[in-house]
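Chain residues, written in single-letter form:
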Amino acid sequence: MDPVYYLEDTLVFAGIFILLTLSLNIEYGFTRLGNFGKVAFFMVGAYTYALLGRLGFPFYLSLTGSTLVAATIGLIISLPALRLREDYLAIVTLSFGEILRLIIKAQEGIAGGVKEAVRRVRESMPHTLKVEVEAESLAQVEEALAAGADVIMLDNMPLKTMREAVRCGSTGALLQTKSPVRGLKPSRMSSSKPRACPVANKKPRKGIETRK
Amino acid sequence: MSNAAQVLLNSLITGSLYLLAGTGLTLTYGLSRFPNFAYAEFITFGAYIGYFTMQQPTGSLPIAVGSAALATGFLSLVAYRVVFRPLMNRRAGLIPLMVASIGLGYVIRYAIGECWSWAALSYQRLWPAFAAAGAHVTLLWLYLILTAVATSVGLHFLLVRTKIGKAIRATATNPELAETSGINTERVTAFTWFVGATLAGAAGVFRAADTQLYPMLGWDILLPVFACVVLGGIGSFYGLLLSAVILGLAENFGVVLLQAAGLSTEYRMAVAFVVLILVLILRPRGIGR
């Protein structure tokens, strides 16, 4: 690895943690207030910066904006929190960080993303059944894998993409295609890990539209 | 999901789980006077021990619950002896103790993740289900409610009728006075840590059998469990009995409201957070004291 790059990377991380510890030091060091939810404000800053950046704000404006948002949320939290006992303050700040994490997790995608869909399906079915997710691109295969799908239907994929998908999906889920794959034997596709990914040459079931 | 009988039953189930998980926390919190955040990982540890015994050919739910309870109890005892007692003997403040408990939690969580993988696992059991009074019930839920009720009755008798129970209550109320009256407070505290964690382990098994198990399992329910403990009054077992039911109801009716409002049910933890904040502002000592 390039030593200059390595050094730069390390210094950047050191800088981030210097800022974090300075922030903690102001609270715990000077006022003895144990804030266990520091990560929440860290996360607010990161997300505000990313969202502002996506809207096209320049770097310094995004930076100022995210510090202001984090500071405002800190102010709001401090109003009830400062009157609490030491251990209650720890519980409240820790829970606040956890809540914020859950909210941001729930916000991925408009309706919660594939992950939420898979989770809800799992909630309402016995765990002996399998969850199948359709994917049309590699990114979608990865998303489905991350969401914990048992079976991934490779829908309308070119052969090359399918190979890639078998490679990245070979440890996580069973892969299926809608129509027989021409020019590719199942055994060859699953040669790297034969146990995990037999590609089933399923005949199209009734009621499912097929694309040829 | 949205019929009233089902919501009430779900509340009872959630409440039973929080009661099982919260009892150990409230007892040790009241005795040692610091919140042990590693308690979340005691729950996870119990769930994984249950998974291990369920994988054996002779595995069954009673064996899983029993072995998980024992193993978690001993884990807690070791944690108390190795990590927390030396710190308390050195008169460590609240914040160092809490930081130590978070650190211990991380150690246990990552050890579990390395041993059993980070992916979600399942007990691979199907529980017989039936319909009663318009609600969907599984046998597992009945076992859970039964266990919670049996433990509550057992603990009531332990705390009121036995010598060790009296010693626990005495130590929680006034450690110095208990010490001078000839109670071995060290042993009483260690015993409470053991008993508390056995219930955490059992709760972990039920939670994992009902849903899935993953290394963050305990951490994900720690917030409502803490909300229960604070609402019930720290160290108050009888307050917890009531607060677990209240939180179970609040969470399940909250889910119904969330679904009606078209929001993600991921926000259900926010209900516990709101309860926690309200209690701390309006009645910080809880309802049981």
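### What about the overall build of chain B?
Here is step 1: Secondary structure summary: chain B contains 11 helices and 2 strands in total.
Here is step 2: Counting from the amino terminus, helix and strand elements in chain B follow one another as α-α-α-α-β-β-α-α-α-α-α-α-α.
Here is step 3: By the compact-globule yardstick of 19 Å for 289 residues, chain B fits well, its C-alpha radius of gyration being 19 Å.
Here is step 4: Taken along its principal axes, the extent of the C-alpha atoms in chain B is 55 × 45 × 35 Å.
Here is step 5: By the burial criterion, 49% of the 289 residues in chain B qualify as buried.
Here is step 6: Taking all contacts inside chain B whose residues are at least 6 apart in sequence as the whole, residues at least 24 apart take part in 76%.

### A short note on the overall build of chain A
Here is step 1: Helices and strands together make up the secondary structure of chain A, namely 8 helices and 4 strands.
Here is step 2: The order of helices and strands in chain A, counted from the N terminus, is α-α-α-α-α-β-α-β-α-β-α-β.
Here is step 3: Looking at the 212 residues of chain A, the share that counts as buried comes to 20%.
Here is step 4: Taking the intrachain contacts of chain A between residues at least 6 apart in sequence as the baseline, contacts between residues at least 24 apart amount to 42%.

### Examining the interface of chain A and chain B
Here is step 1: Listed by partner, the interface residues are 22 residues for chain A and 22 residues for chain B.
Here is step 2: The element that contributes the greatest number of residues to the side of chain A that touches chain B is helix α4 (residues 86-106) of chain A, accounting for 13 residues.
Here is step 3: The class makeup of the residues in the side of chain A that touches chain B is 11 nonpolar, 6 polar and 5 charged.

### With respect to the nonpolar core
Here is step 1: Counting residues in each nonpolar core, the largest one holds 101 residues, and the members touching the most others are A227, V230 and L276 of chain B.
Here is step 2: Among the elements that take part in this core, helix α8 (residues 185-210) of chain B stands out by supplying 13 residues, more than any other.
Here is step 3: Excluding residues that lie within four positions of it along the chain, L276 of chain B makes contacts with V92 and S95 of chain A together with F226, A227 and V230 of chain B.

### Focus on the packing of helix α1 (residues 4-32) of chain B against helix α9 (residues 217-232) of chain B
All names here are of chain B.
Here is step 1: Contact geometry for α1 and α9: axes closest at 9 Å, N-to-C directions at 60°. With respect to α9, the axis of α1 lies oblique. Note that α1 runs across α9; the crossing there is right-handed. Contacts between α1 and α9 pair Y18, A21, G22, L25, T26 and Y29 from the former with I221, P224, V225, C228, V229 and G232 from the latter.
Here is step 2: By residue class, the composition of the contact of α1 with α9 is 9 nonpolar, 3 polar and no charged.

### Re unusual backbone geometry
Here is step 1: Backbone geometry places R32 of chain A, a non-glycine residue, at a positive phi of 60°.
Here is step 2: As for its placement among the helices and strands, R32 of chain A is situated in the loop between α1 (3-31) and α2 (38-54).
Here is step 3: With a phi close to 60°, R91 of chain B is a non-glycine residue in the positive phi region.
Here is step 4: The residue R91 of chain B is located in the loop between α3 (61-89) and α4 (94-116) in this model.
Here is step 5: A tally of 7 C-beta atoms within 10 Å means that R91 of chain B is categorised as exposed.

### Thoughts on helix α3 (residues 59-81) of chain A
Here is step 1: Relative to the 33 Å expected for 23 residues at 1.5 Å per residue, α3 of chain A spans 32 Å between its end C-alpha atoms, a close match to the ideal helical length.
Here is step 2: Where the residues of α3 of chain A are buried, they touch α2 and α4 of chain A.

### Side note on helix α2 (residues 39-55) of chain B
Here is step 1: Taking 1.5 Å as the rise per residue, α2 of chain B with 17 residues should run 24 Å; its terminal C-alpha atoms sit 25 Å apart, in good agreement.
Here is step 2: Where burial is concerned, most of α2 of chain B is hidden: 15 out of the 17 residues are buried.

### Some remarks on the packing of α2 of chain B against α4 of chain B
Residues and elements named next belong to chain B.
Here is step 1: Taken N-terminus to C-terminus, the directions of α2 and α4 make an angle of 20°; their axes are 9 Å apart at the nearest point. Relative to α4, the element α2 is oriented roughly parallel. Here the hand of the crossing between α2 and α4 comes out left-handed. In contact with A40, E41, T44, F45 and Y48 of α2, α4 contributes G105, I108, R109, I112 and W116.
Here is step 2: Its residues assigned to classes, the contact of α2 with α4 shows 6 nonpolar, 2 polar and 2 charged.

### What about the pairing of strand β1 (residues 132-135) of chain A?
Residues and elements named next belong to chain A.
Here is step 1: Side-chain alternation along β1 places V133 and A135 on a buried face and E132 and E134 on a face that remains uncovered.
Here is step 2: Across 4 bridges, the pairing between β1 and strand β2 (residues 151-154) is parallel. Across the sheet, residue E134 finds its bridge partner in β2, namely M153.

### Focus: the environment of R101 of chain A
Residue and element names in this part refer to chain A.
Here is step 1: Looking at the secondary structure, you find R101 in helix α4.
Here is step 2: Judged by the 14 C-beta atoms lying within 10 Å of it, R101 falls in the partly exposed class.
Here is step 3: With 74 residues separating them in the primary sequence, R101 and L175 have C-alpha atoms 32 Å apart.

### Structural notes on the pairing of strand β2 (residues 135-138) of chain B
Residue and element names in this part refer to chain B.
Here is step 1: As paired elements, strand β1 (residues 129-132) and β2 share 4 bridges and run antiparallel to each other. Opposite F130, over in β2, you have V137 as the bridge partner.
Here is step 2: From the end of β1 to the start of β2, which pair antiparallel, there are 2 residues, and A133 there has a positive phi angle of about 55°.

### Quick word on the environment of V274 of chain B
All names here are of chain B.
Here is step 1: Inspection of the secondary structure assignment puts V274 in helix α11 (residues 268-282).
Here is step 2: For V274, a count of 14 C-beta atoms within 10 Å puts it in the partly exposed group.
Here is step 3: Measuring from C-alpha to C-alpha, the distance between V274 and A227 comes to 9.0 Å, with 47 residues separating the pair along the chain.

### Considerations on the confidence of the model for chain B
Close inspection of predicted coordinates is inappropriate in any region flagged by low pLDDT.
Here is step 1: Looking at chain B as a whole, the pLDDT averages 89, with 99% of positions reaching at least 70.
Here is step 2: Interface confidence in the predicted complex, given as ipTM, is 0.84; pTM for the same model is 0.76.

### Digging into the confidence of the model for chain A
Residue and element names in this part refer to chain A.
Here is step 1: Scored by pLDDT, chain A has a mean of 73; 72% of the residues are at 70 or more.
Here is step 2: Looking over chain A, one finds the lowest element-wise mean pLDDT in strand β4 (residues 200-201), namely 38, and the highest in α1, namely 90.
Here is step 3: Low pLDDT (under 50) marks residues 185-212, which in the prediction has 38 contacts with non-local residues, meaning those over four places away or in another chain.

The rules behind each value
- Residues numbered from 1 in each chain as written.
- Chains lettered and ligands numbered in written order.
- Predicted model: local features only at pLDDT ≥ 70, side-chain atom pairs only at ≥ 80, totals over all residues.
- Helix = DSSP H or I, 4+ residues; strand = E, 2+ residues; numbered from the N terminus.
- Rg over C-alpha atoms; globule rule 2.2 N^0.38 Å.
- Buried ≥ 20, exposed ≤ 12 C-beta atoms within 10 Å, placed from the backbone.
- Contact = placed C-beta atoms within 7 Å.
- Nonpolar A, V, L, I, M, F, W, Y, C, P; charged D, E, K, R; others polar.
- Core = buried A, V, L, I, M, F, W, Y, C linked by C-beta atoms within 7 Å.
- Axes fitted to C-alpha atoms, helices over the stretch in contact; angles between N-to-C directions.
- Parallel < 35°, antiparallel > 145°, perpendicular 65-115°, else oblique.
- Left-handed = near helix turned anticlockwise from the far one by under 90°.
- Expected span 1.5 Å × (residues − 1).
- Pairing = 2+ DSSP bridges.
- pLDDT = per-residue confidence, 0-100.

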